[in-house]
Each structure stands twice: as C-alpha cells, then as structure tokens.
Amino acid sequence: MNSYVSQVIEEVKQRYFWEKEFIQAVTEVLESLSLVIDKEPKYKKYRILERIVEPERIIFFRVPWTDDKGEIHINRGYRIEFNSALGPYKGGIRFHSSVTLSILKFLAFEQIFKNSLTGLPMGGGKGGSDFDLKGKSEGEVMRFCQSFMTELFRHIGPDTDVPAGDIGVGAREIGYMFGQYKRLKNEFTGVLTGKGLNWGGSLIRPEATGFGVVYFAEEMLKTRKESLEGKRVAISGFGNVAWGATIKANELGAKVVTLSGPDGYIYDEDGVKGEKIDYMLEMRASGRDCVKDYADKFKVKFVANRRPWEVKVDVALPCATQNEIDENDAKNLIKNGCKYVVEGSNMSSTPQAIEAFLSNNILYAPGKASNAGGVATSGLEMSQNSMRLQWPREEVDKRLREIMVKIHQSCVDAAKDYGTPGNYVNGANIAGFKKVADAMIDQGLV
Ligand code: NDP
Ligand code: 2IT
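A brief look at the structure comes next. (Residues numbered from 1 in each chain as written. Chains lettered and ligands numbered in written order. Predicted model: local features only at pLDDT ≥ 70, side-chain atom pairs only at ≥ 80, totals over all residues. Heavy atoms only, no water.)

A closer look at the packing of aromatic side chains
Part 1: Summed over all chains, the structure comprises 25 aromatic pairs.
Part 2: Seen from their ring centres, W65 and F131 are 5.2 Å apart, and the 90 degrees between their planes marks the pair as edge-to-face. One end of the pair, W65, is in strand β1 (residues 57-66); the other, F131, is in the loop between β4 (124-129) and α6 (138-152), with 66 residues separating them in the sequence. As far as the burial class goes, W65 and F131 line up, both buried. (Phe/Tyr/Trp six-rings, centres within 6.5 Å; stacked < 30°, edge-to-face > 60°. Helix = DSSP H or I, 4+ residues; strand = E, 2+ residues; numbered from the N terminus. Buried < 20%, exposed > 50% of the residue type's maximum accessible area, 1.4 Å probe, protein only.)

Overview of the side chain of T193
Part 1: Looking at where T193 falls in the secondary structure, it is placed in the loop between α7 (171-185) and α8 (205-222).
Part 2: Engagement of the side chain of T193 in a polar contact is seen with the side chain of S378, the distance being 2.8 Å.
Part 3: Once residues lying within four places of it in the same chain are set aside, the contact partners of T193 are K90, V162, P163, A164, G165, I174, S378, E381 and M382. (Polar contact = N/O pair within 3.5 Å; in protein donor to acceptor, adjacent residues only side chain to side chain. Contact = heavy atoms within 4.5 Å.)

Topic: the pattern of salt bridges
Part 1: Taken as a whole and assessed by the stated rule, the structure comprises 36 salt bridges.
Part 2: Taking the shortest distance from any N to any O, the salt bridge between E218 and R401 comes out at 2.8 Å. Note that E218 is positioned in helix α8 and R401 in helix α16 (residues 393-417), a separation of 183 residues in sequence.
Part 3: Of the charged contacts, one joins E395 and R399 as a salt bridge, the two residues approaching to 2.8 Å between their closest N and O atoms. Here E395 pairs with R399, and both are found in helix α16, just 4 residues apart, close to one helical turn.
Part 4: Judged by relative accessible area, which is 30%, E395 ranks as partly exposed.
Part 5: Connected through salt bridges with shared partners, the residues E28, E110 and K368 form a single ionic network. (Salt bridge = Lys/Arg side-chain N within 4 Å of Asp/Glu carboxyl O.)

What follows is the structure, given as structure tokens:
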C-alpha cells in the first residue's frame, strides 16, 4: 500500500478509535486509492486525503418529544455535512435505535463518492436519530419529526443541504418534516427529496434504489454474457429498497426466493411476485418488524434468526443494513454457486466477505455504486423542483436507467485503467474520488 495512504488510515484509526463503521468505510476507500495516489502526486501535495476524511461540519442536537401519555423523551439528532465540493450536501436521514455518530459518518462518507458517481451536482451528507419507530403511534412519530426539524431547519435548504429518506424514514416521515420546515421558514422549496407525489415528489423515487440495483446487476451480468432471465435471486430486508428490487427483478424475468427481517428469513420457492410484492408494503407499514407474517400468510418456509445467504441462488441482493454479509455468509454463497453480489444496502458486506468474493471470482458491486439510483433520482427530483414541473414516469425511469448504465461503465473503466479489471470496489472508489478531489483542488484550501 502507498505510504501516504497507510499513514492517513492509521491517523483516522487512532483519532476515532471508537468509530468502527467509519474506520471500516475509510479503510475500504483509501486502500483502493493507493493506485491513484501512486500515479498522481497532486493529491498528496494538496493533502486531499487528510481533508476528505474530515467532515466539513457536524451538527449534533437533542430532540425532545412527548408520547401519547404526555411523558417526555429525549433522543439524539445528527446531520453530517461531509463534503460540498460537487454541490449542496445530499443524503438520507436514518431513524433507527442503532444509530450512532460512527454509523452516520460512514454513511455520509460513502455518500460523497456515490453522489459523485451519479454525475449529478450533489455533495455528500447524512443525518438521523436513535429514535425507535417500533410501536410508536402516528401522533408520536409526527411530534418526533417536528421536533427533529425544529432544530435541523436552520442548517439545511435547497441550495445548502437536501436530506431524504433512509432506514425508518419514508414518505410519512418526509411529509411531517417537510410540513414543519415550511411552517418555520414560510417557504415551499425542494429542501427534502422523497416528497409525496402530489406535492413536489418525483415519480419513481420510491422504487428508484431497488430499480437501480437491478439495472446495475443486469449490466454486471452482461459483462459475462448472461442475463437475469431465469436467475434465482436472494434478497434480504423487506423495506423500501428490497421492495423496489423485487419488482424490477421480477420484471426482468428473475425469481426472488427470499426476503428477511430482524426475526429471520422466508424461503418462497414459487417466487415473491404479484400480490406478494404488495404485501411487502403492508408488512412494512404494520410496524411489527416481522417477516414471519409473510410465511404465515402465503404458507411458505420461515427460518428463524438466520440470514438468507445459505440458500442456493445465482444472485444475492442484500437490501437490509450494513455488515449483513460476513465471511461465513460469503463462503456459503460461494459454495452454493452464487456468482453475483450486488449491494442495495450501504456497506452490506464486511471486509472479510469482500475479500472472499474477490478471491473467488464473484462479481461484487459495493453499495456506493449499485444503490446510487436512489440518490440519483433524488437529484432528478431536485431538478424537477427547480423547474417547477413533474416529469412522467417513463422519463424518470429512462434517466435512472441511463445513469446506472453510466455508473457501471465508469466503474469498469476505472478498474481497468488502474490495472484491476472486474474489481468494482476499486472502480467505484477511484471513479468517485477523482471528481471530488479535483473539485477540492480547484476550489482552494477550504
Ligand atoms: P427501510 O426502513 O425501508 O427498511 C430497512 C430494512 O432493513 C428493514 O427490513 C429493517 O428491519 C432492516 N434493518 C434495518 N436495520 C437493521 C439492523 N440493524 N439489523 C437487521 N435488520 C435491519 O429502509 P431502506 O429500505 O430505505 O434501507 C435499506 C438499506 O438501503 C439501508 O442500508 C439504506 O442505507 C440503504 N439505502 C437506502 C436508500 C433509500 O433511498 N431508501 C438509498 C440507498 C441505500 P427493521 O424493521 O429492524 O428496521
Ligand atoms: O443511502 C442513500 O443513498 C440514501 N439513503 C438516499 C439519499 C438521498 O438523498 O436520496
């Protein structure tokens, strides 16, 4: 490894030793960049690595709210404004009990390179709270979202920072946050994406991340002269991304045989299709967090407390959360003949799992490339909001597909140019990095 790269990784490890997810994300990106740093001394001269691993700004605040009984609760709220070299900070908001500063820093850091890959003018950011939605009433969720925005509103804006959804934040939460922003600012602007379709949202945004994952998978399969037609696919999660990926995988002729939740996974030999896909939305909306409901309703197999990576499939699409494929899962997938792993969730695979994929000739796409369709369509929502018009479904879908094809090509080209053909980790990191780093140099020492 290049010595400048290893020095910066070491500094991050020492300075933020308790931020394990952030260290994992930084290490993965910087290791790929060794190849670039060796060739291009300007990045060391301008100390780009030391600068790119520090957020431009972190906002940390308390979020007080009252439950339906009038009891007071306090959660922690965050917004990481990581990098604005390419445009306003852009990235989702996550509400989940597991949220920490380390998790949001890793997500915001990945977002910088993902947004760069889309080719749209967006910087990188992420936010969230350790609020647990499970069992909360409508009123409690609304009061929480309003309180969260009562602090956040002063830090964001359509030309400054444009949040969107992520785990636990869908159309309902975006609606409550948008309403509060509008009330406080007295402005109706495109300050959030993922808005409702009749008040500024973009068609296809709800489906976009999952659609994009499958479009990316299709391009990867083409490089080996294969297609998704007739392929068996394992999907994890049953949320927004899993849902979109299931729809598109079906449209392209694949059979989705698993879904999963915190309670285990379902195995459906007939495939998750038709009304079963609509049922995913019901399961998510029920707030029960329980994928076993699917097995009970459609009389299929349920495997408690396990992940779906032990099933025989051709393609794996992890769509739940970070580090959901470990080395053991990776070995199981390989043993069962899986040839493609395309991440829907961010940082789905541990470093050991990635190593296993790469050394066994599995085509593996990191989330920052393959799940970029969500934020890309957020970018398209921003454009539509600026023009004050709404494109038809076909137009947005066509643009999304073109963007995914282009991202795939950028990854393939960068991997090849830097001597590691077929390595999408290096391809995505290098292609994403160079645009951001060059913009940082152009904009001076800021
Ligand atoms: P949802 O909230 O709709 O669904 C998340 C799913 O993952 C649920 O099934 C959820 O179950 C499960 N999950 C979440 N956290 C954990 C955990 N710690 N352990 C086990 N299961 C967990 O979120 P999304 O579908 O939007 O997000 C899924 C992934 O995709 C995330 O990694 C997100 O960052 C990524 N992503 C999302 C984009 C978007 O536009 N929404 C864009 C790009 C990436 P539970 O009920 O326990 O939460
Ligand atoms: O991880 C992600 O890319 C998202 N959660 C979507 C971010 C966005 O701004 O649409």
